[in-house]
Amino acid sequence: MLVLIFFFQSQNDDDDSEHPIEFAGGNVQVVSTEESWKEHLAEASKDGKTVVANFSATWCGPCRMIAPFYTELSEKHPSLVFLSIDVDELTELSTSWEIKATPTFFFLRDGKQVDKLVGANKPELQKKITAIVDSGGGHCEEK
């Protein structure tokens, strides 16, 4: 059996392959434990906010390509909660959400899926986020 292994190296000399800092910029919060996942979802539900959860991997080229755009979106839409989950670090959580490809983006309200996007499709990600914000899904108005 022949096994081919490909290694991709970033063009950036400052690349830190051990910890993908580009996945954590802007208002993106890195989820490193199942407890913190539950806490983020509970906090968002309490605040009436929609969660955008990016299930990705450090070795995934498309994930690395869309990460800066995801960070940019998090800065443009502070009414949403942007999370980043490494599928290799949180395998049980990723399995429970049936992640078959990376990146996979889930849009959650009250901890329940309202939409999903598989793949690093910038226009579609922008479109889904705009639709959520336009529908008032970013947060509930205080009464």
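Not measured: the values here are computed from a predicted model.

Caption draft 1: Molecular detail of the nonpolar core. In this structure, Trp37, Val51, Phe55, Ile85 and Trp97 are the most contacted members of the largest nonpolar core, which totals 20 residues. Mapped onto this core, the elements with two or more residues apiece are helix H1 (34-47), strand S2 (51-56), strand S3 (81-86) and strand S4 (104-109). With sequence-adjacent residues up to four places away left out, Trp37 is seen in contact with Val31, Ala53, Phe55, Leu83, Ile85, Leu93, Trp97 and Leu108. One finds Phe82, Phe105, Phe107 and Ile132 within the second-largest nonpolar core, a separate group that totals 14 residues.

Caption draft 2: Focus on the pattern of salt bridges. If you walk through the whole model with that rule in mind, you get five salt bridges. Among the ionic pairs, Glu43 bridges to Lys46, the shortest N-O distance being 3.8 Å. On the criterion of helical spacing, the pair formed by Glu43 and Lys46 is a turn pair, its members being three residues apart in helix H1. Classification of Glu43 by relative accessible area gives partly exposed; the value is 41%. With a relative accessible area of 63%, Lys46 lands in the exposed category. For Glu72, the salt bridge identified is with Lys76, shortest N-O distance 3.3 Å. With Glu72 and Lys76 both in helix H2 (residues 61-76) and four residues apart, the pair spans about one turn of that helix. Judged by relative accessible area, Glu72 falls into the partly exposed class, the value being 37%. By sharing partners, the salt bridges in this structure join Asp115, Glu124, Lys127 and Lys128 into a single network.

Caption draft 3: Structural context of the packing of H2 against helix H4 (residues 122-134). Taken N-terminus to C-terminus, the directions of H2 and H4 make an angle of 20°; their axes are 11 Å apart at the nearest point. In terms of their interaxial angle, H2 and H4 are classed as roughly parallel. The handedness of the crossing between H2 and H4 is right-handed. Of H4, the residues touching H2 (which contributes Met65, Ile66, Phe69, Tyr70 and Leu73) are Lys122, Leu125, Gln126 and Ile129. By residue class, the composition of the contact of H2 with H4 is seven nonpolar, one polar and one charged.

Caption draft 4: Spatial organisation of the sheet that holds S2. On the basis of which strands lie adjacent, the open sheet formed by five strands has the order S1-S3-S2-S4-S5 and mixed pairing. Bordering the open sheet on either side are strand S1 (28-31) and strand S5 (112-118), each of which pairs with just one other strand. Direction aside, neighbouring strands of the sheet carry axes that sit 25° apart on average. Where S2 meets S3, six bridges bridge the pair, whose relative direction is parallel. From the neighbouring strand, Ala53 faces S3, where its bridge partner is Leu83.

Rules of the game
Residues numbered from 1 in each chain as written. Predicted model: local features only at pLDDT ≥ 70, side-chain atom pairs only at ≥ 80, totals over all residues. Heavy atoms only, no water. Core = buried A, V, L, I, M, F, W, Y, C linked by side-chain atoms within 4.5 Å. Buried < 20%, exposed > 50% of the residue type's maximum accessible area, 1.4 Å probe, protein only. Helix = DSSP H or I, 4+ residues; strand = E, 2+ residues; numbered from the N terminus. Contact = heavy atoms within 4.5 Å. Salt bridge = Lys/Arg side-chain N within 4 Å of Asp/Glu carboxyl O. Axes fitted to C-alpha atoms, helices over the stretch in contact; angles between N-to-C directions. Parallel < 35°, antiparallel > 145°, perpendicular 65-115°, else oblique. Left-handed = near helix turned anticlockwise from the far one by under 90°. Nonpolar A, V, L, I, M, F, W, Y, C, P; charged D, E, K, R; others polar. Pairing = 2+ DSSP bridges.

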